[in-house]
Amino acid sequence: MYKKRVLFFTQDRWAYATIHHALEKELYKYGIYSNLMNWRLEITPEEWGLLNDSYDLFVTNPEAVLPLGSCGIPLNKIATVAHGQWDMLLAQKECNNIDFYHHLYKFGVVSDVLKRKSAEYNISSRIPDVVPFGIHFDVFYRKPSDRLQKIGYGGARATQNFFGMEIKRAHLVSGVVEKTPLELVNHNFYNWMCMPSYYAKLDALAVSSTEESAGLPAMEAAAAGRLVLSTPVGYFEEHGPKGGGVVLPLADEEYCTSLFSNLAHYYNYPEEYQKKCKEIQEYARENYDWSKYIEGWVNFLS
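Residues numbered from 1 in each chain as written. Predicted model: local features only at pLDDT ≥ 70, side-chain atom pairs only at ≥ 80, totals over all residues. Heavy atoms only, no water.

> I would appreciate a short explanation of the packing of helix α1 (residues 14-28) against helix α13 (residues 294-301) in the present structure.
Helix packing for two helices is described by the angle between their axes and how far apart those axes are. Here α1 crosses α13 at 80°, and the two axes come no closer than 10 Å. In terms of their interaxial angle, α1 and α13 are classed as roughly perpendicular. In this structure, α1 contributes L23, E26 and L27 to the contact, and α13 contributes I294, W297, V298 and L301. Of the residues assigned to the contact of α1 with α13, the class counts are six nonpolar, no polar and one charged. (Axes fitted to C-alpha atoms, helices over the stretch in contact; angles between N-to-C directions. Helix = DSSP H or I, 4+ residues; strand = E, 2+ residues; numbered from the N terminus. Parallel < 35°, antiparallel > 145°, perpendicular 65-115°, else oblique. Contact = heavy atoms within 4.5 Å. Nonpolar A, V, L, I, M, F, W, Y, C, P; charged D, E, K, R; others polar.)

Pasting the structure below:
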C-alpha cells in the first residue's frame, strides 16, 4: 500500500527529466508512488478528473499552478517547486502579482539562492521550503581521464534571464579554448539520457554562467571524474571551494584569464590534472548523490 501517489506535472526533457525520473525511483523506496507527466501533452477534461481521483498530490512549476487549477485540480492538492528565478517571476507576471502560494499544499525552491530571490522579488509572503536535488552518482561515474585534451561546456548556448540579461556566456568558453591546444566538444542539447556518455567523452567541463539555481552539469561532470571549472553559481557556490572543482571569477575578463591559466596548468602537468580529477570525483561521491537529499523531498511531499 503506497503512502502517497504523486504526479509531477512539468517538462520531460533536459534537467527536469533527469531530476524527476530520478525522484520516481528514489521516492518508490519510501513508499511514495510517483509519475512524471509531460505538461505539453493534451489532456481532456475527463482525463483530468480521472487523474484527480488517482493522485493525492500534483507537483508543478509556479507558472503552471493556476492553469492546473483551471483543469479542476484543487489548489490544496498542488505543491509547487521553483527550479529557477524565471519560474517565480513568470508566474508573478502572468498571475498579476496574486499571491496564490498560501492556498497550495506546499511551496518549495531547489536552492537557498532561490529562497533569497523569492524574498527579494516579493514573490510571496509564504517562506518556501528548500528542497535540493542530487544525482545518481553511479550513473555518471567513469574512470577519470589521464590527460586534459577535450573540454565541454555546461549550459545553453545563449540564454537570457527574466530581465533580458545574458547569463550563460558560452562565447567566453569558446573564445578561451580557441587559444589552447584543446578541443571543444559541444553537447548540442542531447536527450537527458545521453549525458553520462557525453561527459565520458570529455576531460574537463567549463561553466560560465552568471547565475544558476543549482547547476546539474557541474555535479554530473564531477561524478564522471572530469575537471570542473565553474563560476560560483548555484550549488557550486558552496561546493566549489570545498573540493567540487576550480572556482572561476564572475567578471568576463577575469573569467577568461583564469580559465585560460587553469587549462594551461592542468594541460602541462598531467599528474596534477589526474590528482585533481580524482579529488573532484570523490567529493561528488560524498556530497552529490541522491541519498543525501531524498529524505528532504519525502518530508516535503508528505
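There's more to say after this.
> Could you clarify how one ought to interpret the sheet that holds strand β2 (residues 32-38) in this entry?
Whether parallel or antiparallel, the strands of a sheet pair through hydrogen bonds between backbone atoms. Reading across the sheet, the six strands line up as β2-β1-β3-β4-β5-β6 and stay open at both edges, with parallel pairing between neighbours. Whereas interior strands pair on both sides, the edge strands pair on one side only; in this sheet they are β2 and β6 (129-130). As judged from the two bridges shared by strand β5 (residues 106-109) and β6, these two strands associate in the parallel manner. Across the sheet, the residue bridging to G108 is D129, located in β6. Lying on the sheet, α1 is in contact with β1 (4-10) and β2; it crosses β2 at an angle near 160°. (Pairing = 2+ DSSP bridges.)

> Quick question: what am I supposed to make of the packing of aromatic side chains here?
Two numbers describe a pair of aromatic rings. These are the distance of the centres and the angle of the planes. All chains considered together, the criterion is met by 15 aromatic pairs. Pairwise contacts between aromatic rings join F140, Y190, Y198 and Y199 into one cluster. Of note, R169 hangs over the ring of Y255, and the distance from its end group to the ring centre comes to 5.5 Å. (Phe/Tyr/Trp six-rings, centres within 6.5 Å; stacked < 30°, edge-to-face > 60°. Lys NZ or Arg CZ within 6 Å of the ring centre and 35° of its normal.)

> What is the right way to look at the environment of L75 in this model?
Locating L75 in the fold gives a position in the loop between α3 (65-70) and β4 (78-82). Here L75 falls in the partly exposed class, since its relative accessible area comes to 24%. Separated by 27 residues in the primary sequence, L75 and H102 place their C-alpha atoms 9.4 Å from one another. Once residues within four sequence positions are removed from consideration, L75 is found in contact with V65, L66, G69, H103, L104 and Y105. (Buried < 20%, exposed > 50% of the residue type's maximum accessible area, 1.4 Å probe, protein only.)

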